[in-house]
Amino acid sequence: MKHFLVKTIANAAALAVAIWLLKDITLTGENTGRQILTLILVALIFGLVNFLVKPVVKLLSFPLFILTLGLITLVVNALMLLLTSWLAGKADLAFHVGGFWTALLGGVIISIVAWAMHVVLPDED
């Protein structure tokens, strides 16, 4: 349970940094409390997408992974962020990613910040 909580906090922090740095990734709400709740819910959706969908996409794109020396991972991360944006829209959450190139840059930012958060936060069960 603690590992799940740490991952969710790291994802929320990484998403918050990407929202702060990129104007085409938006999170809106009536007040700060609503924005924080939306951010946590989007972080949960992002975690589920990365847990359920990303391994399948990585398996199917394995030949491209070898061919591009791993750079396809950036595209996969961007697609996971776009899928999260689409699912958040279906769930009536005020989170939106404005296109592939924004998602690509956002995926890089999220990966770096999430990695740094995992280094700082404890994650033993």
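Residues numbered from 1 in each chain as written. Predicted model: local features only at pLDDT ≥ 70, side-chain atom pairs only at ≥ 80, totals over all residues. Heavy atoms only, no water.

**Section: the UniProt feature "transmembrane region" (unreviewed entry) in the protein**
- The UniProt entry lists residues 5–22, 34–53, 65–88 and 100–121 under the feature "transmembrane region" (unreviewed entry), expressed in the numbering used here.
- Across residues 65–88 one finds 83% helix and 0% strand; the C-alpha atoms that close the span lie 28 Å apart. (UniProt positions renumbered as here; feature names shortened; annotations may be inferred. Helix = DSSP H or I, 4+ residues; strand = E, 2+ residues; numbered from the N terminus.)

**Examining the side chain of Ser-85**
- Mapping Ser-85 onto the fold places it in helix H5 (residues 72–90).
- Separated by 3.0 Å, the side chain of Ser-85 and the backbone nitrogen of Val-97 make a polar contact.
- Excluding residues that lie within four positions of it along the chain, Ser-85 makes contacts with Phe-95, His-96 and Val-97. (Polar contact = N/O pair within 3.5 Å; in protein donor to acceptor, adjacent residues only side chain to side chain. Contact = heavy atoms within 4.5 Å.)

**Regarding the environment of Thr-26**
- Note on placement: Thr-26 falls in strand S1 (residues 25–27).
- Sequence-wise, Thr-26 and Gly-98 are 72 residues apart; in three dimensions their C-alpha atoms are separated by 8.2 Å.
- Thr-26 has contacts with Ala-94, Phe-95 and His-96, leaving out every residue within four places of it along the chain.

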